[in-house]
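# What the coordinates show
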Amino acid sequence: MSPINNVGAIRSKPTIENTAEDFSFHISTNLESAYHFSQLAHPLLKSSGCGSIVFISSVTGVVSCGVSSIYSATKGAMNQLARNLACEWASDGIRAIAIAPAVIATPLVEYGFDDEFKKAMESTNPLGRLGKPEEVASLVAFLCMPAASYITGQTICVDGGLSVKGFSYQPHA
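Quick summary incoming for the structure in this document. (Residues numbered from 1 in each chain as written. Predicted model: local features only at pLDDT ≥ 70, side-chain atom pairs only at ≥ 80, totals over all residues. Heavy atoms only, no water.)

### Quick word on the side chain of Ser-57
Along the polypeptide, Ser-57 turns up in the loop between strand E2 (51-56) and helix H2 (69-88). Taking relative accessible area as the criterion, Ser-57 reaches 5% and is therefore assigned buried. Separated by 2.7 Å, the side chains of Ser-57 and Asn-79 make a polar contact. Ignoring sequence-local partners within four residues, the contact set of Ser-57 consists of Lys-75, Met-78, Asn-79, Ala-98, Ile-99, Ala-100 and Pro-101. (Helix = DSSP H or I, 4+ residues; strand = E, 2+ residues; numbered from the N terminus. Buried < 20%, exposed > 50% of the residue type's maximum accessible area, 1.4 Å probe, protein only. Polar contact = N/O pair within 3.5 Å; in protein donor to acceptor, adjacent residues only side chain to side chain. Contact = heavy atoms within 4.5 Å.)

### Description of the pattern of salt bridges
Under the definition given, this model contains five salt bridges. Close ionic contact of Glu-21 with Arg-11 constitutes a salt bridge, the shortest N to O distance being 2.4 Å. Placement of the pair is Glu-21 in helix H1 (residues 20-48) and Arg-11 in the loop between strand E1 (4-5) and H1, with a sequence separation of ten residues. Overlapping salt bridges, with partners in common, bring together Arg-11, Lys-13, Glu-21 and Asp-22 in one network. (Salt bridge = Lys/Arg side-chain N within 4 Å of Asp/Glu carboxyl O.)

### Overview of empty space enclosed by the protein
For the structure on display, the rule yields one cavity of 30 Å³ or more. For the largest cavity, the full set of lining residues is Ala-102, Val-103, Met-121, Asn-125, Arg-129, Leu-130, Gly-131 and Leu-162. Considered class by class, the residues forming the lining of the largest cavity number five nonpolar, two polar and one charged. (1 Å grid on protein atoms, 1.4 Å probe; cavity = no way out; pocket = protein on both sides within 12 Å on 5 of 7 lines; lining within 4 Å. Points joined across faces, edges and corners; volume = space filled by probe spheres on them. Nonpolar A, V, L, I, M, F, W, Y, C, P; charged D, E, K, R; others polar.)

### Thoughts on the sheet that holds strand E3 (residues 94-101)
In spatial order, the strands read E1-E2-E3-E4; together these four strands make up an open sheet with parallel pairing. Of all the strands in the sheet, the pair left with one neighbour each is E1 and strand E4 (155-158). Sheet topology note: the E2/E3 ladder contains six bridges and is parallel. Counted as the bridge partner of Phe-55 is Ala-98 from E3. (Pairing = 2+ DSSP bridges.)

### Comments concerning the packing of H1 against H2
For the pair H1 and H2, interaxial distance at closest approach is 9 Å and the crossing angle is 15 degrees. Of the possible angle classes, the one that applies to H1 and H2 is roughly parallel. Judged by the twist between their axes, the crossing of H1 over H2 is right-handed. Of the residues in H2, those in contact with Asp-22, Phe-23, His-26, Ile-27, Asn-30, Leu-31, Ala-34, Tyr-35 and Ser-38 of H1 are Ile-70, Tyr-71, Thr-74, Lys-75, Ala-77, Met-78, Leu-81 and Leu-85. Class assignment of the residues belonging to the contact of H1 with H2 gives a composition of eleven nonpolar, four polar and two charged. (Axes fitted to C-alpha atoms, helices over the stretch in contact; angles between N-to-C directions. Parallel < 35°, antiparallel > 145°, perpendicular 65-115°, else oblique. Left-handed = near helix turned anticlockwise from the far one by under 90°.)

### Thoughts on the layout of surface pockets
In this structure, the second largest pocket encloses a volume near 230 Å³. As for the second largest pocket, its lining consists of 15 residues, and the residues nearest its centre are Cys-50, Gly-51, Gly-93, Arg-95 and Ser-149. Counting residues per element, the ones that place at least two in the lining of the second largest pocket are E2 and E3.

### Some points on the nonpolar core
Counting residues in each nonpolar core, the largest one holds 14 residues, and the members touching the most others are Ile-53, Phe-55, Leu-85 and Ala-96. Taken together, the elements giving at least two residues each to this core come down to H1, E2, H2 and E3. What Phe-55 contacts, discounting residues up to four positions off in sequence, is Asn-5, Ala-34, Ser-38, Met-78, Leu-81, Ala-82, Leu-85, Ala-96, Ile-97, Ala-98 and Ile-99. Counting eleven residues, the second largest nonpolar core, distinct from the first, contains Ile-97, Ile-99, Ile-104 and Leu-139. (Core = buried A, V, L, I, M, F, W, Y, C linked by side-chain atoms within 4.5 Å.)

Now the structure itself:
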């Protein structure tokens, strides 16, 4: 059994424009839900004797992207949650891993981001393109398999090299 924490929402604004409601929205959606989902999954995972929890984080939780500080902070906290649970629950036979994708070419990205943003991400990325959903899904599947049984507490970036190069996106006003 391997629950996947794959929830996230972003209100992309400069830090000084975020409200208390924006902060609460990001914390409850991106972090609190993953925390409580993990708590609920623990007894089931423990009784199975083996399992993993996979968190879908973001490369913005690993490196700064120049915008969306609250979103990035929640994803960084999710990476830390995976590390803590990996140590705390190892004796229960439970592994915890975070996957930190860069921008993935999904219908949501097609709908929610303008062409300027997508072109900026492609030109910044060492591989010169957005990621594909199957590139993240195949890693999730692998991490849920017995072949990955010695991987825990890690944040694995699926980002075409973006996290090692670094990036900063500043939208034009």
